[in-house]
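Understanding the architecture of this molecule
What follows is each chain in one-letter form.
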Amino acid sequence: MAQNLLDVVDLGKRFGGFVALENIELAVTAGERVGLIGPNGSGKSTLVNCLCGTLNNESGTVKFDGRDMDGLPAHQRTRFGMARSFQLPRPFASLTLMDNVRIPLLYTVQARSGILHSAGDLDARCIELLRLVGLEQKARRWPRDLTQVEMRKLELARAVAAEPKLLLADEAMAGLSHSEIEDILALLVRLNEQGITVILIEHIMRAVMSFSQRLIVLVSGRKIADGRADDVIRDPEVERAYLGQ
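Keep in mind that what you see is a predicted model, and the values were worked out from it rather than measured.

**Points about the environment of Leu 26**
Structurally, the position occupied by Leu 26 is in strand β2 (residues 18-29). Here Leu 26 falls in the buried class, since its relative accessible area comes to 8%. C-alpha of Leu 26 to C-alpha of Ser 212: the two residues are 186 residues apart in sequence and 15 Å apart in space. Apart from the residues lying within four places of it in its own chain, the contact partners of Leu 26 are Leu 6, Asp 7, Val 8, Leu 47, Ile 216 and Lys 223.

Structure representation (structure tokens):
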């Protein structure tokens, strides 16, 4: 039986009197491709921030790879193997693409292993990561030189550079064309095939349906559905709350 990589039990988060998340329960198995959907304000980003350590949950527990994550800062969770990409790419504008992917190699991978790599080995790994997302020809360029889809690919390369077991891809396809969405989907599938468990947080339903083996639906801070994508999308409560039907 496959081991759960992520276990969330009875998770809750408030902002003053506003309940952002209430009694969230979910489990993700190693190797899965999971879609997390819901309308604006449903709590998706708050959940991701609680998982990654940007926010602290007031109740419940988050366990990752058998470890209790509660109270750990974001950088420590990343070193344990949980990485994310952001809705708005946040590269280091003053660094080349090479150096942007070098940062997580230095401060996550080397910090995790305690093994110092040579400059040549680091350069080779940076090129390998940029080649994975089709940006190796722009390794010495600056983030400002990239198109929108290339910026998204750099964001994913920076997350993958941390060598995660779990990648949370937060709206990695927002604002992209159909062909660009297909490029990002193919990249995420390739990463999954290389052993990275992926949770895709996305509003573009055709992309989520194409990618996800399982769908989790949040509405008003509550989980209302969790199951096979084809079954979840036909759930009457999901249709009413999410699709407006």
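**Digging into the sheet that holds strand β1 (residues 4-15)**
Strand order across the open sheet formed by four strands is β2-β1-β4-β5, with antiparallel pairing between neighbours. Single-partner strands in this sheet number two, and they are β2 and β5 (67-68). Here five bridges tie β1 to strand β4 (residues 59-64), and the two strands are oriented antiparallel to one another. Residue pairing in the sheet places Gly 12 in a bridge with Ser 59 of β4. Packed onto the sheet, helix α1 (residues 44-52) meets β1, β2 and β4 and runs at close to 120° relative to β1.

**A word on the pairing of β1**
Sheet topology note: the β1/β2 ladder contains eight bridges and is antiparallel. Across the sheet, Asp 7 pairs through a bridge with Ala 27, a residue of β2. Counted along the chain from β1 to the antiparallel partner β2, the turn is two residues long, and its residue Gly 16 has a positive phi close to 65°.

**Remarks on the packing of aromatic side chains**
Tallying each qualifying case throughout the model produces zero aromatic pairs. Lying over the aromatic face of Phe 15, Lys 13 brings its terminal NZ or CZ to 5.2 Å of the ring centre. A cation sits over an aromatic face here: Arg 33 above Phe 211, 5.4 Å from the ring centre.

**Some details on the pattern of salt bridges**
In total, this model carries 17 salt bridges according to the counting rule given. Here Asp 123 and Arg 102 are joined by a salt bridge, their closest N and O atoms 2.7 Å apart. Linking Asp 123 in helix α4 (residues 119-132) with Arg 102 in helix α3 (residues 97-113), this pair joins segments that are 21 residues apart in sequence. The class of Asp 123 is partly exposed, set by a relative accessible area of 28%.

**Structural notes on α1**
Most of α1 is tucked away: eight of the nine residues are buried. Looking at α1, one finds that the buried residues are Lys 44, Thr 46, Leu 47, Val 48, Asn 49, Cys 50, Leu 51 and Cys 52. Looking one or two residues beyond α1, the residue adopting positive phi is Gly 53, at roughly 95°.

Scoring rules and cut-offs
Residues numbered from 1 in each chain as written. Predicted model: local features only at pLDDT ≥ 70, side-chain atom pairs only at ≥ 80, totals over all residues. Heavy atoms only, no water. Helix = DSSP H or I, 4+ residues; strand = E, 2+ residues; numbered from the N terminus. Buried < 20%, exposed > 50% of the residue type's maximum accessible area, 1.4 Å probe, protein only. Contact = heavy atoms within 4.5 Å. Pairing = 2+ DSSP bridges. Axes fitted to C-alpha atoms, helices over the stretch in contact; angles between N-to-C directions. Phe/Tyr/Trp six-rings, centres within 6.5 Å; stacked < 30°, edge-to-face > 60°. Lys NZ or Arg CZ within 6 Å of the ring centre and 35° of its normal. Salt bridge = Lys/Arg side-chain N within 4 Å of Asp/Glu carboxyl O.

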